[in-house]
Amino acid sequence: MVEIELDGQKVEVPEGSMVMHAAEKAGTYIPHFCYHKKLSIAANCRMCLVDVEKAPKPLPACATPVTQGMIVRTKSDKAIKAQQGVMEFLLINHPLDCPICDQGGECQLQDLAVGYGAGKSRYSEEKRVVFHKNVGPLISMEEMSRCIHCTRCVRFGQEIAGQMELGMAHRGEHSEIQTFVGRTVDSELSGNMIDICPVGALTSKPFRYSARTWELSRRKSVSPHDSTGANLVVQVKNNEVLRVVPLENEAVNECWIADRDRFSYEALNSDERLTTPMLKQGGEWKPVDWTTALEYVANGLKQIKTEKGAASIAALGSEHSTVEELHLLAKLVRGLGSENIDTRLRVVDPALRAADGKAFWLGSSIAALSQLDRAFIVGSFLRKDHPLFAQRLRQAARQGAQIVALGGVEDDWLMRVASRITAAPSTWVQELANIAAAIATTKGVNAPVQGEATDAAKRIAETLLSGERKAVLVGNAAIQHPQAATLLSLANWIAEQTGASVGVLSAAANTVGAQLVHAQPGQGGRTAAQLLNDQPAKALLLLNTDPVLDGANAAAARKAIHAAEMVVVLSPFKSGLDYADVLLPTAPFTETSGSFVNAEGRLQSFVGVVKARGETRPGWKILRVLGNLLGLSGFEFDSSEQVRTAALGSTLDLGERLSNAVASQASSAAAAAPVQGLERLTAVPIYATDALVRRASSLQLTRDGRDGAVAFLPQALWNALGLADKAAQVRVSQDGGEAVLAAQLDASLPATVVRIPAGIPETAALGALTGAIAVTKA
């Protein structure tokens, strides 16, 4: 530790710290623009100049290391005069457009100009003008004359997002921030550049000119998308969500959020919102009151139970639903005498179950990902599936961590990957067995299954046997694999032998919570894979999900749903119009209170931030009333807090209920036979993962949104089909269904693997997420 004197106050900070860090510890504010605690130090705005005793001139606090006995004055005449001089230069070319600037009211330059700027400018020449730039549908760079060249956005791209999409071009007064040769900004974390811009140069394009910052109410919430559980501040005007920004939580999302957390709010205000209960009568949808709709559902369930038996009733819920909603959905179905309840719509391996009362989880804290020495990622499209987890691992890689992977494609994670095995999904079990064999050979122990210690397996084994802080992380694609239980069992063995933690990355905001409230089939119950394939139900309740887009086999799901006598859809949107009989408008996360349990097992509760639209009601209230109409016991709840307590108990510590051990050994520990011919590898595009992002117009205009319906072909197949141009199209056939998709070459794919998206209408006629497919030129 080094002790310095700051404005007469003694402050101790670690050796190597800067004066700015000492000021932060002492609670002393030093004006600054380019400095940001999560970014590298640039020292190019010079606003943080301070008076250091014995120094010949003021020094930048952000870039001046502390030394023992240093005396620093931040409020002396010398420091103030230097800061005022810098401010005068910053304002020379800055446009006087605060009244129309979206940053007005929360602008660092505006705030500091009041304290350090002159009442009148001495500059009478023409101001510099920078031409506007179009960088995509999310970020507005229309007024780049406001830019003060702090380079925060540039450093964010390089250091946090992992790709340098913005840079500083030219020199001197001609310097400007721009993209490379007019490209767009396509990072899945790009919206954070808006937050860290200290002026109005980078602003939100969807929010542009919607409201002034002082008109907005600010309310805390939790993201309903991936399993990070990012903390949000939802900003509201006139009962409408107009903007979403991050709420800093160092343990969860730091001060960042993904673009789908930030911009998916557009769906809340879309024309697709369902705002009144509806019944299908004579093939047409008719709006009805709540009493009529709920009595119709209750009477239908009673009739089907009487005529067909309780086992003919089933419910499927989305893992983006709250703990409270899923608890009551499971309670309702079991109250009727059925065990047909599931939320794992893309899971097909019936052996993949945690022990009773347990849930698969991350295996460590989210924050621990940033401190790993070694990480083995199994079956994950990491960057698009979990943008903030990828960001954590990117920081670990920057600090020297070795990342190794097993997957179906070498997609760019924007970090150095030390070693990677790229193989067809049908061979993943064998590849993991090979890595286990290599570890067993090195340690002199017996391998759990037969494997061959190949060179690639040895490289990954050597990596995992070195280092101290290690993790084996099982991704969405592995969990959706037909032999998912075997993959997870092998991952557990590898982690145990190498001293690593094992974690399941979890697909959705409440995947862990869904397991904890037993929203899975009990003894004799049918899984989602069975209900949506060869064992359909006669009465089906769908909570916040569209099985055709969210299921493991779109074509089979459509056939199974149409076979039901009554389908009840509980959704904030007009979903399932072609197969539903009843539509019940449920409140999205901004209009209801509830809880999510994120990947690390952290329970986070939130409240509604706006009033429900139209006749929309919270999902837990709808299910409570439905339970009462059915005469079921245990539905006497007055608040979501009471439901949460009934679901999880009064303790908020869920640690004892988290385990990645597979409840029963996989039905077949041996690897399945490889698929003959071409094989499907499935990825769910980042903006097709749930109902909100699918309806967020700006997200769908991004490159990830526009390019979702693309078939990625390996080099050999590309050549065999004679494809040559960007406008090429292919016809994909699987299980009797066909889809015509744009074709794109991906030379990193194995020769027999074709990457096809799921979760989008264009591929809804195809079959299972894995298996044999045929591809021809369209």
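The name given to the chain in an unreviewed UniProt entry is NADH-quinone oxidoreductase, with the source organism recorded as Roseateles amylovorans. What UniProt states about the chain under its Function (unreviewed entry) heading is, verbatim, "NDH-1 shuttles electrons from NADH, via FMN and iron-sulfur (Fe-S) centers, to quinones in the respiratory chain. Couples the redox reaction to proton translocation (for every two electrons transferred, four hydrogen ions are translocated across the cytoplasmic membrane), and thus conserves the redox energy in a proton gradient."

### Quick notes on the overall build of the chain
The number of helices and strands found in the chain is 24 helices and 34 strands. Scaling as 2.2 N^0.38, a compact globule of 778 residues should have a C-alpha radius of gyration of about 28 Å, and the chain matches this with 28 Å. Summarising its shape, the C-alpha atoms of the chain cover approximately 90 × 65 × 55 Å along the three principal directions. Each of the 778 residues in the chain was classed as buried or not, and the buried ones make up 61%. As presented, the chain carries roughly 30,300 Å² of accessible surface, and 49% of it is formed by carbon and sulfur atoms. Charge-centre separation for the chain: the mean point of 78 positive side chains lies 2 Å from the mean point of 81 negative side chains.

### What to know about unusual backbone geometry
Across residues other than glycine, the phi torsion is negative in most instances, and most of the peptide bonds are trans. You will see that D7, though not glycine, has its phi angle at about 50 degrees, which is positive. Within the secondary structure, D7 is located in the loop between strand 1 (2-6) and strand 2 (9-13). Phi at A43 takes a positive value of approximately 55 degrees, unusual for a residue other than glycine. Tracing the backbone through its elements, the reader meets A43 in the loop between helix 1 (19-26) and strand 3 (49-52). Given a relative accessible area of 15%, A43 falls into the buried group.

### Some words on the UniProt feature "domain: 4Fe-4S Mo/W bis-MGD-type" (unreviewed entry) in the chain
Mapped onto this numbering, the UniProt entry gives "domain: 4Fe-4S Mo/W bis-MGD-type" (unreviewed entry) at residues 216-272. The distance from the first to the last C-alpha atom of residues 216-272 is 25 Å, and the span holds 9% helix and 35% strand.

### What about the UniProt feature "domain: 4Fe-4S His(Cys)3-ligated-type" (unreviewed entry) in the chain?
Residues given the UniProt feature "domain: 4Fe-4S His(Cys)3-ligated-type" (unreviewed entry) here are residues 78-117. For the annotated span residues 78-117, helix accounts for 60% and strand for 0% of the residues, and the straight-line distance between the end C-alpha atoms is 16 Å.

### Some points on the packing of aromatic side chains
Here the structure, examined in full by the defined rule, presents 2 aromatic pairs. On the basis of an interplanar angle of 40 degrees and a centroid distance of 5.1 Å, the ring pair of F596 and F606 is categorised as tilted. Within this pair, whereas F596 is found in strand 26 (residues 594-597), its partner F606 is found in strand 27 (residues 603-606), the two being separated by 10 residues in sequence. Like F596, the residue F606 is buried in the burial classification. One residue, R243, lies across the ring of F207, its end atom 4.4 Å from the ring centre. Against the face of W413 rests R420, its NZ or CZ located 4.7 Å from the ring centre.

Basis of the calculations
- Residues numbered from 1 in each chain as written.
- Predicted model: local features only at pLDDT ≥ 70, side-chain atom pairs only at ≥ 80, totals over all residues.
- Heavy atoms only, no water.
- UniProt positions renumbered as here; feature names shortened; annotations may be inferred.
- Helix = DSSP H or I, 4+ residues; strand = E, 2+ residues; numbered from the N terminus.
- Rg over C-alpha atoms; globule rule 2.2 N^0.38 Å.
- Buried < 20%, exposed > 50% of the residue type's maximum accessible area, 1.4 Å probe, protein only.
- Areas by Shrake-Rupley, 256 points an atom, 1.4 Å probe, with all protein chains shown as cover.
- Lys, Arg positive; Asp, Glu negative; His and termini not counted.
- Charge placed at Lys NZ, Arg CZ, Asp CG, Glu CD.
- Phe/Tyr/Trp six-rings, centres within 6.5 Å; stacked < 30°, edge-to-face > 60°.
- Lys NZ or Arg CZ within 6 Å of the ring centre and 35° of its normal.

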